[in-house]
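Tertiary structure, described
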Amino acid sequence: MKKVIVLVLNLAMVFAVGTVLTSCGGSGGEGESDQAMKVGLICLHDENSGYDLNFINGFKEACKDEGIEYQIKTNIPEDQQAYEAAAELADAGCGIVFADSYGHQPYIIQAATDFPGVQFVSCTGDRAKTEGLDNFHNAFATIYEGRYLAGVAAGMKLNEMIEKGDITADQAKMGYVGALTYAEVISGYTSFYLGARSICPDVTMEVTFTGSWLNETAEKEAANKLIDNGCVLISQHADSMGAPTACEKAGVPDVSYNGSTQEACPNTYIISSRINWTPFYKYAIEGMQNDGKFDTDWCGTRETGSVLLTEPNEKVAAEGTAEKIKEVTAKLDSGEIKVFDTSIFTVSTIDPKKFINTTAKTDSEGHLTSYMADVEYDESFAGDTEAVKDGFFHESEFRSAPYFNVQIDGIKLLDTKFESID
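Residues numbered from 1 in each chain as written. Predicted model: local features only at pLDDT ≥ 70, side-chain atom pairs only at ≥ 80, totals over all residues. Heavy atoms only, no water.

1. Considering the overall build of the protein
Along its length, the protein carries 10 helices and 20 strands. The 422 residues of the protein split such that 60% are buried. In the protein, 68% of the contacts between residues at least 6 apart in sequence involve partners at least 24 apart. For the protein, the computed accessible surface area is about 16,100 Å², with 46% contributed by carbon and sulfur atoms. (Helix = DSSP H or I, 4+ residues; strand = E, 2+ residues; numbered from the N terminus. Buried < 20%, exposed > 50% of the residue type's maximum accessible area, 1.4 Å probe, protein only. Contact = heavy atoms within 4.5 Å. Areas by Shrake-Rupley, 256 points an atom, 1.4 Å probe, with all protein chains shown as cover.)

Following this line, the structure appears as structure tokens:
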């Protein structure tokens, strides 16, 4: 599992490598605090990355609400510098140190070992349940449900385009810009596609990968490649404004991720889902303040306020989109809809060169009947947990971070040169 990907929400000030932002009591100023506890956040990039901006905004909000001091270190790469940043925050008196990128995880584990009196959290990580450390945690959210709902909005738009004669049913092809072939990305684009297909049954989708979490040029080129291939609607799992701006220039509808791009792309932006990290930060902080404990592996949901959807852009979204999303949300709440209901998709090709699907079993129609997911971390990434039961794939139930990495029919991969390790 890799870090959560969001789109750049706006251009904010650039912080130098290792920048530390400090706030006392959530006031935003510098100085000493009489609070008994303070917390720290380590970010892969800075506020120019929408992924990191989403974490930073949620972190500041939680600290302000809880009235505690915080420190934020930005532009910390996924190497020994992550350990050094974690150690510096621990030495500075932070009771909890959060890190926002999956690649930080081994260095955060090292810090947790060296500083047993401090709690460490690798957000989007997958090793807390197996490391056996009382002070190391993971956190994620059921964002696949938000992706599914964003897909519903995409399906509504496709149907509108068909009804208006802008495209024919067999031209209802979406494109998706992905970073890497990791389970988090696969889970995200698959749930988005299934949401769209629940509304527009004829939809297909092409996916291309950039090989990087943040590369605006590559993301723009990927979006243009998909548009040139005939994709009439684009979504993405990458950090920059590359894909949305390409869509705006080409006049192609776009569904963003973890942040509205409406201001920059008013004529093409439809809707966005995002993980709201504030509830988790507050939960962890309050746990430390009350009894010094919080979950080893925490998974946020729509119920906890961790999975959010923006209001549709009425200028671009199909008429009735908001009402349809409300209807589908109610069915998700009641259990009538399961995002990865195995009766609604088929798996006709099991290719271990693309994904580790060697444990997949299907019935005569190609519906998934069994899948040993890689839930318990080990270096071989071997499947260890049966994820299919009661007619659906149980995503983020046995571990917070996604483990759905099945390639389903209807989604064509334009390249798989970035090998999956999940």
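2. Section: the packing of aromatic side chains
Each aromatic ring pair is summarised here by two numbers: the centre-to-centre distance and the angle between the ring planes. Evaluated as defined, the whole model comprises 24 aromatic pairs. Taking the centre distance of 5.0 Å and the plane angle of 40 degrees together, the rings of phenylalanine 280 and tryptophan 298 count as tilted. Of the two residues, phenylalanine 280 sits in helix 9 (residues 278–290) while tryptophan 298 sits in strand 12 (residues 297–300), which places them 18 residues apart along the sequence. Residue classification places tryptophan 298 among the buried positions, given a relative accessible area of 10%. Among the aromatic residues, ring-to-ring pairing joins Tyr51, Phe55, Phe59, Tyr70, Phe98, Trp277, Phe280, Tyr281, Tyr283, Phe294 and Trp298 into one connected group. The ring of tyrosine 257 has arginine 147 lying over it, and the distance from NZ or CZ to the ring centre is 3.4 Å. (Phe/Tyr/Trp six-rings, centres within 6.5 Å; stacked < 30°, edge-to-face > 60°. Lys NZ or Arg CZ within 6 Å of the ring centre and 35° of its normal.)

3. Topic: the side chain of asparagine 258
Take asparagine 258: it is sitting in the loop between strand 10 (254–257) and strand 11 (269–275). We classify asparagine 258 as buried; its relative accessible area is 0%. Here isoleucine 275 takes part through its backbone nitrogen, which lies 2.4 Å from a polar atom of the side chain of asparagine 258. (Polar contact = N/O pair within 3.5 Å; in protein donor to acceptor, adjacent residues only side chain to side chain.)

4. Some words on empty space enclosed by the protein
A complete count under the given rule lists three cavities of 30 Å³ or more for this structure. There is about 40 Å³ of room inside the second largest cavity. Lining the second largest cavity are Ile143, Tyr144, Arg147, Glu184, Ser187, Gly188, His237, Tyr257 and Pro402. At the level of elements, helix 5 (143–163) and helix 6 (183–197) are the ones that each hand at least two residues to the lining of the second largest cavity. When the residues that make up the lining of the second largest cavity are grouped by side-chain class, the tally is four nonpolar, three polar and two charged. (1 Å grid on protein atoms, 1.4 Å probe; cavity = no way out; pocket = protein on both sides within 12 Å on 5 of 7 lines; lining within 4 Å. Points joined across faces, edges and corners; volume = space filled by probe spheres on them. Nonpolar A, V, L, I, M, F, W, Y, C, P; charged D, E, K, R; others polar.)

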